[in-house]
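Here is what each chain is made of, one letter per residue.
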Amino acid sequence: MDILNALVAFLNFVFVPGLAYGAQLALGALGATLIYGILRFSNFAHGDTMAFGTMVVILFTWGLQSLGVSFGPLPTALLALPLGIAVTAVLLLATDRVVYRYYRRVKAAPVILVMVSLGVMFIMNGVTRFIIGVEDIGFADGARFIITAGEFKAMTGLQEGLAIKATQGVTLGVAVIAVAALFWFLQKTRTGKSMRAFADNEDLALLSGINPDRVVAVTWILAAALATTAGTLYGLDKSFKAFTYFQLLLPIFAAAIVGGLGSPLGAIAGGFVIAFSEVTVTYAWKKVVGYLVAEGNAPEGLLQLMSTDYKFAVSFAILIIVLLFMPTGLFKGKSA
């Protein structure tokens, strides 16, 4: 039995990837829950907003690289991220003015807005694929690893190596900064307090003199920032492919609903619940178990509950269970 090597294998293939993926889902779910909490509808175009924002970041990254600009050991995409957020915010504000504002004015039912967002989703997806194509695109540069498996083995003398990618470290660092900035904004600024009041009781907020157009505009800007950041971090950690972000819509909404729709803390918690559930169920546990059992008793099979091809089925199953037994989620958000 080799507990230390088993622990390192677990950290290498389950915990660290789950932590990075959870941070990416948490940022995506924060944007979705922000729109639901303030604008009162589920924005099905959120995944393709992530794709569009990431595409803009990639285009600016290529432009910076062609000029010889880099960010040292960090990805150049981080320099392009503010530009990507700005362009995506302009797109969302324009979409709101052209599309969503009319349905708010006529007080359309939330289900109508959901259907409208489906139309926006297909248009955004088509535009993104038309501009950048449908192939996998890797745009991560700078350092590849914080620590390699070989370096870890040399340091510890263990048989199993721990490799932490630079993009995983960047994901966690940027996610912490983004979440801290968002909560500071919502808790400490006048606009943030207005948004919270608007989300709690729209009629009372309007009677208090809160400008609804300003609240809506800031909501879309924050959603653009969170979506672009989440999409860029996911693309850096894996790769960019426009259709992948459409598929990410399921785990993102599952995370938001598991945590509690409309609850920012719930979105973060839900992101990690969904991420670790997907990674745990689809990981082949043969190596970890092999270290824990006596030599010669290692399992013959992969000990994999589900193929990675079906990882989104895990999100779907958790989503159904939560909707059936806990519709307000872990943090008692609005019922889905």
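Note that this is a predicted model, so its numbers are computed, not measured. (Residues numbered from 1 in each chain as written. Predicted model: local features only at pLDDT ≥ 70, side-chain atom pairs only at ≥ 80, totals over all residues. Heavy atoms only, no water.)

Undergrad: What is the right way to read the overall build of the chain from this model?
TA: Tallying secondary structure elements over the chain gives 14 helices and two strands in all. Here the chain, with 336 residues, has 49% of them falling under the buried criterion. In the form shown here, the chain has an accessible surface area of approximately 15,800 Å², with 68% of it arising from carbon and sulfur atoms. Taken together, the 22 basic and 17 acidic charged side chains of the chain have centroids lying 12 Å from each other. (Helix = DSSP H or I, 4+ residues; strand = E, 2+ residues; numbered from the N terminus. Buried < 20%, exposed > 50% of the residue type's maximum accessible area, 1.4 Å probe, protein only. Areas by Shrake-Rupley, 256 points an atom, 1.4 Å probe, with all protein chains shown as cover. Lys, Arg positive; Asp, Glu negative; His and termini not counted. Charge placed at Lys NZ, Arg CZ, Asp CG, Glu CD.)

Undergrad: In this structure, what is going on with unusual backbone geometry? I would like to understand it.
TA: In this structure, Arg-40 takes a positive phi of about 70° despite not being glycine. Topologically, Arg-40 is positioned in the loop between helix H1 (3-39) and helix H2 (46-66). By relative accessible area, which is 27% here, Arg-40 ends up partly exposed. Of note in the backbone geometry, Lys-107 takes a positive phi value of approximately 55° without being a glycine. Checked against the element boundaries, Lys-107 lands in the loop between helix H3 (77-105) and helix H4 (110-132).

Undergrad: It is not clear to me how the packing of aromatic side chains should be interpreted in this structure. Could you clarify?
TA: Aromatic ring pairs are reported here in terms of the distance separating the ring centres and the angle at which the planes meet. All told, the structure shown has 13 aromatic pairs when counted by the stated rule. Where Phe-41 meets Tyr-100, the ring centres are 5.3 Å apart and the plane angle is 35°; that geometry is what we call tilted. Taken together, the positions of Phe-41 in the loop between H1 and H2 and Tyr-100 in helix H3 put the pair 59 residues apart, joining distant regions of the chain. When sorted by exposure, Phe-41 lands in the same class as Tyr-100, which is buried. Aromatic pair Tyr-283 and Trp-285: ring centres 5.1 Å apart, planes at 80°, arrangement edge-to-face. (Phe/Tyr/Trp six-rings, centres within 6.5 Å; stacked < 30°, edge-to-face > 60°.)

Undergrad: How should I be thinking about the pattern of salt bridges in this particular structure?
TA: A side chain of one charge can pair with a side chain of the opposite charge when the charged atoms of the two come close. Taken as a whole and assessed by the stated rule, the structure comprises four salt bridges. Across the pair Asp-96 and Arg-104 runs a salt bridge whose closest N-O atoms are separated by 2.5 Å. The partly exposed category is assigned to Arg-104, whose relative accessible area is 26%. With a shortest N-O distance of 3.4 Å, Lys-165 and Asp-237 are connected by a salt bridge. One end of the pair, Lys-165, is in strand E2 (residues 164-165); the other, Asp-237, is in helix H9 (residues 212-237), and 72 residues separate them in sequence. With relative accessibility at 7%, the residue Asp-237 sits in the buried group. Look at the salt bridges and you will find they share partners, linking Lys-165, Asp-237 and Lys-238 into a network. (Salt bridge = Lys/Arg side-chain N within 4 Å of Asp/Glu carboxyl O.)

Undergrad: Teacher, can you tell me more about the nonpolar core here?
TA: Across soluble globular proteins, nonpolar side chains show a tendency to be buried alongside one another. Formed by 94 residues in total, the largest nonpolar core has its most connected members in Leu-27, Phe-240 and Leu-248. For this core, the element with the most residues is H1, which contributes 16 residues. If we ignore the near neighbours within four places in the chain, the residues touching Leu-248 are Tyr-21, Leu-25, Met-50, Tyr-234 and Phe-312. (Core = buried A, V, L, I, M, F, W, Y, C linked by side-chain atoms within 4.5 Å. Contact = heavy atoms within 4.5 Å.)

Undergrad: What exactly am I supposed to notice about the layout of surface pockets here?
TA: There is about 510 Å³ of room inside the largest pocket. Lining of the largest pocket is provided by 18 residues; of these, Arg-104, Arg-105, Lys-107, Phe-198 and Glu-202 occupy positions nearest its centre. Counting only elements with at least two residues in the lining of the largest pocket, the list comes to H1, H3, H4, helix H8 (202-207) and H9. The dominant element in the lining of the largest pocket, judged by the number of residues it contributes, is H3, at four residues. Here the residues of the lining of the largest pocket sort into ten nonpolar, no polar and eight charged. Put simply, the second largest pocket is a space of about 410 Å³. If you go around the second largest pocket, you meet 15 residues; those closest to its centre are Phe-13, Pro-17, Lys-238, Val-279 and Lys-311. Going through the elements one at a time, H1, H9 and helix H12 (264-282) are the ones with two or more residues in the lining of the second largest pocket. Of the residues forming the lining of the second largest pocket, the biggest block, four residues, is contributed by H1. Split by residue class, the lining of the second largest pocket holds six nonpolar, four polar and five charged. (1 Å grid on protein atoms, 1.4 Å probe; cavity = no way out; pocket = protein on both sides within 12 Å on 5 of 7 lines; lining within 4 Å. Points joined across faces, edges and corners; volume = space filled by probe spheres on them. Nonpolar A, V, L, I, M, F, W, Y, C, P; charged D, E, K, R; others polar.)

Undergrad: How should I be thinking about a nonpolar patch on the surface in this particular structure?
TA: Taken together, the side chains of Leu-265, Val-273, Phe-316, Ile-320, Ile-321, Leu-323, Leu-324, Phe-325, Met-326, Leu-330 and Phe-331 make up a nonpolar region of the molecular surface, amounting to roughly 1,000 Å² of accessible area. Within the fold, Ile-321 resides in helix H14 (residues 311-325). Given the relative accessible area of 48%, Ile-321 is considered partly exposed. (Patch = residues over 30% accessible without salt bridge, like charges linked within 9 Å, V, L, I, M, F, W, Y side chains within 5 Å.)

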